[in-house]
Amino acid sequence: MPRFRRILDELPAYRAGKAVVSADGRSFKLSSNECPYDPLPSVVEAVATAAREMHRYPDPASAALTDALAERYKVPREHLALGAGSVTVAQQLFEAVSEPGAEVIYAWRSFEAYPLLADLAGVTSVRVPLTDETHDLQAMAAAITPATRMIFVCNPNNPTGTANRSEELTVFLDQVPEDVLVVLDEAYREYVRDVDVPDGLGLYPDRPNVAVLRTFSKAYGLAGLRVGYLIAHEPVASAVRKTTVPFAVNAIAQAAAIASLAAEDELLERVEAVVKERTRVRETLLGQGWAVPPSEANFVWLRLGDHTGEFADRCAVDGVAVRPFGAEGARVSIGSPDANDTFLTAAQAFRTEL
């Protein structure tokens with residue numbers, strides 16, 4: 001029998017959101033934070049054109065997409081590093097800082113891939129509990145030791161949707177040693193409407209140890225093609241590029257991302273529609289008696305404790321898939337108005353049954 005790393009015996013598999021179907025055939029997948037809209041025609045056309053060259057290797061440097069992103073954000077192209085989704089770029093970051101004894105700090109609960117990536121990279125996870133469903137930045141600063149190599153701040157946080165504001169984040173960053181990398185994971189940045197929640201791209205220019213992580217999966221609706229990117233000072237971006245698997249971002253994904261940037265105004269209209277639905281869903285849930293923290297993402301969070309599994313099962317009866325997290329709570333993506341109405345009906349029914 002071949003010998004493998006012992007950590008693999010203990011490593012849980014990443015659990016993706018699943019679809020469910022009701023008895024009458026309805027199915028609403030609100031478990032994966034996906035864009036509820038079909039791809040734009042211009043993006044589909046770009047994909048079809050790129051598919052005619054699928055027998056060729058993609059540009060390993062993603063030069064055209066890098067140039068498009070550099071122009072979009074007015075940053076040097078040397079500050080960019082790309083990967084197959086932001087989770088893969090996160091994996092590259094873990095690999096870049098990994099050494100025996102190295103520690104990585106992140107809030108918990110936060111993005112569930114962090115502990116998986118930490119274990120695979122062989123670094124020690126330091127989990128700092130949330131306070132009021134939000135990153136406790138002062139506790140995270142207090143957790144820094146000489147072994148700390150990297151800190152992830154998921155802002156807005158997945159799965160709670162909460163966000164840290166400018167003043168507290170700036171105070172935190174001022175406390176972090178210059179040799180500790182702070183990654184602002186902003187996968188849901190486009191959905192932020194609180195003006196006090198900072199844009200990481202406004203923070204990183206004066207801070208060489210700050211990196212910003214973004215994705216095309218959510219607001220841009222390219223979850224199935226896997227395109228993520230990092231913006232940071234050149235030494236950080238260069239370290240991430242060194243850990244990139246050759247041809248990581250395929251040609252079709254590159255073409256779709258470029259087309260999406262060109263159609264950004266149209267895409268952001270869809271984002272605004274999701275934000276309006278987010279407000280409606282949360283206000284309705286509050287009216288039903290649920291505790292739902294303000295969300296700056298494309299989902300809402302219900303802390304349900306021991307009722308979490310029952311809640312998910314009740315939603316599934318109506319064909320609504322939500323994302324349960326053990327005995328903590330459930331994350332519910334914002335979908336189409338019809339999907340959201342069906343979920344709200346199920347939530348009310350469960351509330352009545354409690």
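Every chain begins its residue count from 1, and numbering advances along the sequence as written. Per-residue local features of the predicted model are confined to residues with pLDDT of at least 70, and side-chain atom pairs are confined, for both listing and counting, to 80 or more; whole-chain, interface and lining totals are unaffected and use all residues. Think of the side-chain values as coming from all heavy atoms in the structure, minus any hydrogens and water.

Asker: Give a description of the side chain of His135 that names residues and reports values.
Answerer: Put simply, DSSP marks the helices as runs of H or I at least four residues long and the strands as runs of E at least two long, and each gets a number from the N terminus on. Checked against the element boundaries, His135 lands in the loop between strand E4 (124-129) and helix H5 (137-142). The rule is simple: take the accessible area with a 1.4 Å probe, protein chains only, and divide by the maximum for that residue type; under 20% is buried, over 50% is exposed, in between is partly exposed. When its relative accessible area of 5% is taken as the criterion, His135 is described as buried. A polar contact of 3.2 Å, which involves the side chain of His135, links it to the backbone nitrogen of Cys154. Contacts were defined at the residue level, with two residues in contact if any of their heavy atoms lie within 4.5 Å. Discounting residues that sit within four places of it in the chain, His135 has contacts with Ala107, Ser110, Leu130, Met140, Phe152, Val153, Cys154, Asn157 and Asn164. Here a polar contact is taken to be a pair of N or O atoms separated by no more than 3.5 Å, where protein atoms must pair a possible hydrogen donor with a possible acceptor and residues adjacent in sequence count only if both atoms sit in side chains.

Asker: Please provide a residue-by-residue account of the nonpolar core, values included.
Answerer: Here, nonpolar core means buried Ala, Val, Leu, Ile, Met, Phe, Trp, Tyr and Cys residues that are tied together by side-chain atoms lying within 4.5 Å of each other. Core analysis: the biggest nonpolar cluster contains 80 residues, and Phe172, Phe216, Leu285, Phe311 and Phe343 have the highest contact counts within it. When residues no more than four places from it in sequence are discounted, the contact partners of Leu285 are Trp290, Val292, Val300, Leu302, Phe343, Leu344 and Ala347. Ala113, Ala211, Ala232 and Ala237 belong to the second-largest nonpolar core, a separate cluster that totals 28 residues.

Asker: Residues and numbers for the side chain of Asn155, please.
Answerer: One can find Asn155 in the loop between strand E5 (148-154) and helix H6 (166-175). Sequence-distant contacts of Asn155, that is, excluding residues within four places in its chain, are made with Thr162, Ala163, Asn164, Leu169, Asp185, Glu186, Val197 and Pro198.

Asker: Give me the lowdown on the sheet that holds strand E11 (residues 323-325), citing residues and values where you can.
Answerer: Pairing between strands is defined by DSSP: at least two bridges between the two strands are required. Overall, antiparallel pairing links the 3 strands, which are arranged E9-E12-E11 in an open sheet. Looking at the sheet topology across the chains shown, the edges are occupied by strand E9 (299-303) and E11. Going across the sheet, the axis of each strand differs from the next one's by a mean of 20°, ignoring polarity. Only the stretch in contact is used when fitting a helix axis, every axis being a line fitted to C-alpha atoms; angles between N-to-C directions are given from 0 to 180 degrees.

Asker: An account of the sheet that holds E4 is needed here, citing residue identities and associated values.
Answerer: Spatial ordering of the open sheet is given by E2-E8-E7-E6-E5-E3-E4, a layout of 7 strands whose pairing is mixed. Either end of the sheet is taken by a strand with one partner, and the two such strands are strand E2 (80-83) and E4. On average, each strand axis in the sheet is inclined to that of its neighbour by 25°, with strand direction left out of account. Both strand E3 (residues 103-108) and E5 contribute to a ladder of 4 bridges, which runs parallel. Bridged to Val104 within E5 is Met150. This element, helix H2 (residues 63-73), spans E2, strand E7 (210-215) and strand E8 (228-232) of the sheet and lies at about 130° to E2.

Asker: With reference to specific residues and values, describe helix H12 (residues 337-353).
Answerer: With 17 residues, H12 extends 24 Å between its outermost C-alpha atoms, agreeing within 8% with the 24 Å of an ideal straight helix rising 1.5 Å per residue. Within the span of H12, buried status applies to Ala339, Asn340, Thr342, Phe343, Leu344, Ala346, Ala347 and Phe350. Those residues of H12 hidden inside the fold are in contact with strand E1 (28-29), helix H10 (264-288), helix H11 (308-317), strand E10 (320-321) and strand E12 (329-333). By this rule, a helix spans an expected 1.5 Å times one less than how many residues it contains.

Asker: So what about the UniProt feature "modified residue: N6-(pyridoxal phosphate)lysine" (unreviewed entry) in the protein chain? Which residues, and what values?
Answerer: UniProt positions are given in the numbering used here, feature names are shortened, and annotations may be inferred rather than shown by experiment. Under the UniProt annotation, the feature "modified residue: N6-(pyridoxal phosphate)lysine" (unreviewed entry) is placed at Lys218. With respect to the helices and strands, the residue Lys218 is situated in the loop between E7 and E8. Of the residues examined, Lys218 reaches a relative accessible area of 16% and is grouped as buried. Beyond its immediate sequence surroundings of up to four residues, Lys218 is in contact with Ser32, Asn33, Cys35, Ala187, Tyr188 and Tyr191.

Asker: Could you give an account of unusual backbone geometry, naming the residues involved and the relevant values?
Answerer: For the bond from Trp108 to Arg109, the omega torsion is 15°, close enough to zero to count as cis. Positionally, Arg109 belongs in the loop between E3 and helix H4 (113-121). The omega torsion of the bond from Asn158 to Pro159 falls at 25°, within 30 degrees of zero and hence cis. One non-glycine residue, Lys74, lies in the positive phi region at around 55°. Residue placement: Lys74 occurs in the loop between H2 and E2. Of note in the backbone geometry, Asp132 takes a positive phi value of approximately 55° without being a glycine. Inspection of the secondary structure assignment puts Asp132 in the loop between E4 and H5. For Asp132, a relative accessible area of 68% corresponds to the exposed category.

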